[in-house]
Amino acid sequence: MPPIKTSTDSLTGLFPAEIAERIEAPLMRGRQLFQWLHKKRVFDIDAMTDMSKTDRARIGERHFLTALTPALRQESRKTGAQKALFELADGETIESVLLAQGSRITLCLSSQAGCALGCTFCATGQAGFRRDLSPAEITEQALRLLEGVEYSADSTPNIVYMGMGEPFHNYDAVMKSIHLLMHIEGLHIGARKITVSTAGDVAGILHFAEEPWQVRLSVSLHAADDDLRSRLVPLNRRYPLRELHDALKHYQEKRNRQITIEWVLMDDVNDSPAQAKALVTYLKGLDAAVNLIPWNAVPSLPYLPSPIHKRERFMEILGKAGIKATLRKERGDDIEAACGQLRNIRQD
Ligand code: SAH
Ligand code: SF4
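## A word on the overall build of the protein chain
Piece 1. For the protein chain, the count of helices and strands is 11 helices and 12 strands.
Piece 2. Taking 2.2 N^0.38 as the reference for a compact globule, 348 residues should give roughly 20 Å; the C-alpha atoms of the protein chain span a radius of gyration of 21 Å, in line with that estimate.
Piece 3. The principal-axis extent of the C-alpha atoms belonging to the protein chain is close to 70 × 40 × 35 Å.
Piece 4. When burial is assessed residue by residue, the protein chain has 57% of its 348 residues classed as buried.
Piece 5. Residue pairs in contact within the protein chain that sit at least 24 positions apart in sequence constitute 68% of those at least 6 positions apart.
Piece 6. By element, 51% of the accessible surface of the protein chain is carried by carbon and sulfur atoms, the whole surface being about 15,200 Å².
Piece 7. For the protein chain, the distance from the average position of its 44 positive side-chain charges to the average position of its 44 negative side-chain charges is 4 Å.

Below, the structure is given as structure tokens:
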């Protein structure tokens, strides 16, 4: 069978009513198609047997159902994490990850092909920016990762926007994808199971504070002094720590939600007791939980993962200061699948 043709603007990025409008059919038909794509995760029009052959032929000829062509899927023997590489209609490629811990599934989605922010420890950032992803290209990653995956109602997957790209630099497409993933006739993911991760884009955080939902926010901080943070996350030069703090405070006043702080621990870079104490000071006045993540080695980059005793020491200082912190283990590192360490492997 020849590969199914894809388009950046495919039906997987549309709500039921938009599908109906696109295919010039009644709403009922739009809902049917939406359910095939989102609920059953079936992408082949010929398998959609509750539509007449004529209808299927007409829709299949004139419209693009999907945006992604699965190109590669790797499973980590150690952790069960799966990394998927997808090809886009214009030949760009993106990656997504499915992490499974017991019955808990987490999907890590990309929001852009590449990233323009150039964080110095991040493989995606070092590879540069290609383009924004469309709502279809973002949403379909989740649908494809869950193709053939069964889960019970009490274990609906978590979604994290922690793949390639800065979600707030592609704001509208990311927001639409969230609405599509929450749709009651589709995956129906609860808002609280979705997390958007930002490198600290203040404009995006302020915008996000106005969204009337319970979708979570995570901030990749990595340093609590401006000198170091500006070196690790160049966006800090535009939005320094004080301004970021004010935006997070505003977000919490508006949404009343705990935020997550991501801190990727690199040996002798940001894992000292003094830096842990600086983080404690920075978090004053914020309701935040900290995720400590060992840096996943990227061979060409001049960092080393923080050794376990330093990670534990860092964690202890946070704990003693009454800050909720978790020390994450590497996940899927044997296939380079760890979320946040994604890059276009075909460009290697
Ligand atoms: N651009 C957004 C979301 C994508 S990056 C952001 O920066 O938050 C997702 C997470 O992966 C971020 O917390 C980022 O700091 C982290 N990350 C990037 N490279 C990593 C690496 N090599 N090892 C571990 N985490 C990494
Ligand atoms: Fe972009 Fe996030 Fe990587 Fe920074 S860490 S370069 S913001 S993807």
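The rest of the description comes next.
## Here's the deal with the domain arrangement of the protein chain
Piece 1. Annotation of the protein chain at the domain level lists domain 1 (11-62) and domain 2 (69-347).
Piece 2. Distance from the C-alpha centre of domain 1 to the C-alpha centre of domain 2: 33 Å.
Piece 3. Taken residue by residue, the interface counts 14 residues in domain 1 and 18 residues in domain 2.
Piece 4. Carbon and sulfur atoms supply 59% of the area that domain 1 and domain 2 bury against each other, a total of about 1,400 Å² over both sides.
Piece 5. Counting across the interface, domain 1 meets domain 2 through two salt bridges.

## Considerations on the sheet that holds strand S7 (residues 158-161)
Adjacent strands of a sheet form backbone hydrogen bonds with each other and so pair up, either parallel or antiparallel.
Piece 1. Across the sheet, 10 strands lie side by side as S1-S2-S3-S4-S7-S8-S9-S10-S11-S12; this open sheet has mixed pairing. Every other strand in the sheet has two partners, leaving strand S1 (68-75) and strand S12 (325-327) as the edge strands with one partner each. Ignoring strand direction, the axes of neighbouring strands in this sheet form an average angle of 20°.
Piece 2. Summarising the sheet, strand S10 (residues 259-265) and strand S11 (residues 288-294) pair through seven bridges and their orientation is parallel. From the neighbouring strand, Leu265 faces S11, where its bridge partner is Pro294.
Piece 3. Across the face of the sheet, helix H9 (residues 241-255) comes into contact with strand S9 (216-220) and S10 while running at roughly 170° to S9.

## A word on the nonpolar core
Piece 1. In this structure, Leu33, Tyr161, Ile178, Phe208 and Val290 are the most contacted members of the largest nonpolar core, which totals 104 residues.
Piece 2. Of the residues forming this core, the biggest block, eight residues, is contributed by helix H6 (residues 171-182).
Piece 3. Ignoring any residue separated from it by four or fewer positions in sequence, one finds Tyr161 in contact with Leu109, Ile138, Pro167, Val174, Ser177, Ile178, Leu181, Ile194, Thr195, Val196 and Ser197.
Piece 4. Counting six residues, the second-largest nonpolar core is a separate cluster that includes Val97, Cys108, Val160 and Met162.

## Quick look at the pattern of salt bridges
Piece 1. Applying the stated criterion across every chain yields a total of 14 salt bridges.
Piece 2. For the salt bridge of Glu92 with Arg130, the shortest nitrogen-to-oxygen distance reads 3.0 Å. Of this pair, Glu92 sits in the loop between strand S2 (82-88) and strand S3 (93-101) while Arg130 is found in strand S6 (residues 129-132), placing the two residues 38 residues apart along the sequence.
Piece 3. Glu92 gets classed as buried once you look at its relative accessible area, which sits at 13%.
Piece 4. With a shortest N-O distance of 3.5 Å, Lys254 and Glu210 are connected by a salt bridge. In this pair, Lys254 is assigned in helix H9 and Glu210 in the loop between helix H7 (202-208) and S9, connecting sequence segments 44 residues apart.
Piece 5. Look at Lys254 and you get partly exposed, because its relative accessible area is 41%.
Piece 6. Put simply, Asp90, Arg131 and Glu137 are held in one network by salt bridges that share partners.

## Let's talk about the side chain of Ser111
Piece 1. Position of Ser111 relative to the elements: it lies in the loop between strand S4 (104-108) and strand S5 (112-114).
Piece 2. The exposure class of Ser111 is buried, given its relative accessible area of 2%.
Piece 3. In contact with Ser111, other than residues within four places in its own chain, are Asp132, Leu133, Ile138, Met164, Gly165, Glu166, Pro167, Asn170 and Val174.

## Let's talk about the packing of aromatic side chains
Piece 1. Evaluated as defined, the whole model comprises six aromatic pairs.
Piece 2. Aromatic side chains Trp263 and Phe314 sit 5.4 Å apart centroid to centroid with 45° between the ring planes, which places their arrangement in the tilted category. Taken as a pair, Trp263 in strand S10 and Phe314 in helix H11 (residues 308-320) lie far apart in primary sequence, 51 residues in all. The same class applies to Trp263 and to Phe314, which are both buried.
Piece 3. In this structure an aromatic cluster arises from ring pairing among Phe168, Tyr171, Phe208, Trp213 and Tyr251.
Piece 4. Stacked on the ring of Trp36, the Lys or Arg Lys40 has its end atom at 3.8 Å from the ring centre.

How each quantity is defined
- Residues numbered from 1 in each chain as written.
- Chains lettered and ligands numbered in written order.
- Predicted model: local features only at pLDDT ≥ 70, side-chain atom pairs only at ≥ 80, totals over all residues.
- Heavy atoms only, no water.
- Helix = DSSP H or I, 4+ residues; strand = E, 2+ residues; numbered from the N terminus.
- Rg over C-alpha atoms; globule rule 2.2 N^0.38 Å.
- Buried < 20%, exposed > 50% of the residue type's maximum accessible area, 1.4 Å probe, protein only.
- Contact = heavy atoms within 4.5 Å.
- Areas by Shrake-Rupley, 256 points an atom, 1.4 Å probe, with all protein chains shown as cover.
- Lys, Arg positive; Asp, Glu negative; His and termini not counted.
- Charge placed at Lys NZ, Arg CZ, Asp CG, Glu CD.
- Domains from an automatic or database assignment.
- Buried area = accessible area lost by both parts, 1.4 Å probe.
- Salt bridge = Lys/Arg side-chain N within 4 Å of Asp/Glu carboxyl O.
- Pairing = 2+ DSSP bridges.
- Axes fitted to C-alpha atoms, helices over the stretch in contact; angles between N-to-C directions.
- Core = buried A, V, L, I, M, F, W, Y, C linked by side-chain atoms within 4.5 Å.
- Phe/Tyr/Trp six-rings, centres within 6.5 Å; stacked < 30°, edge-to-face > 60°.
- Lys NZ or Arg CZ within 6 Å of the ring centre and 35° of its normal.

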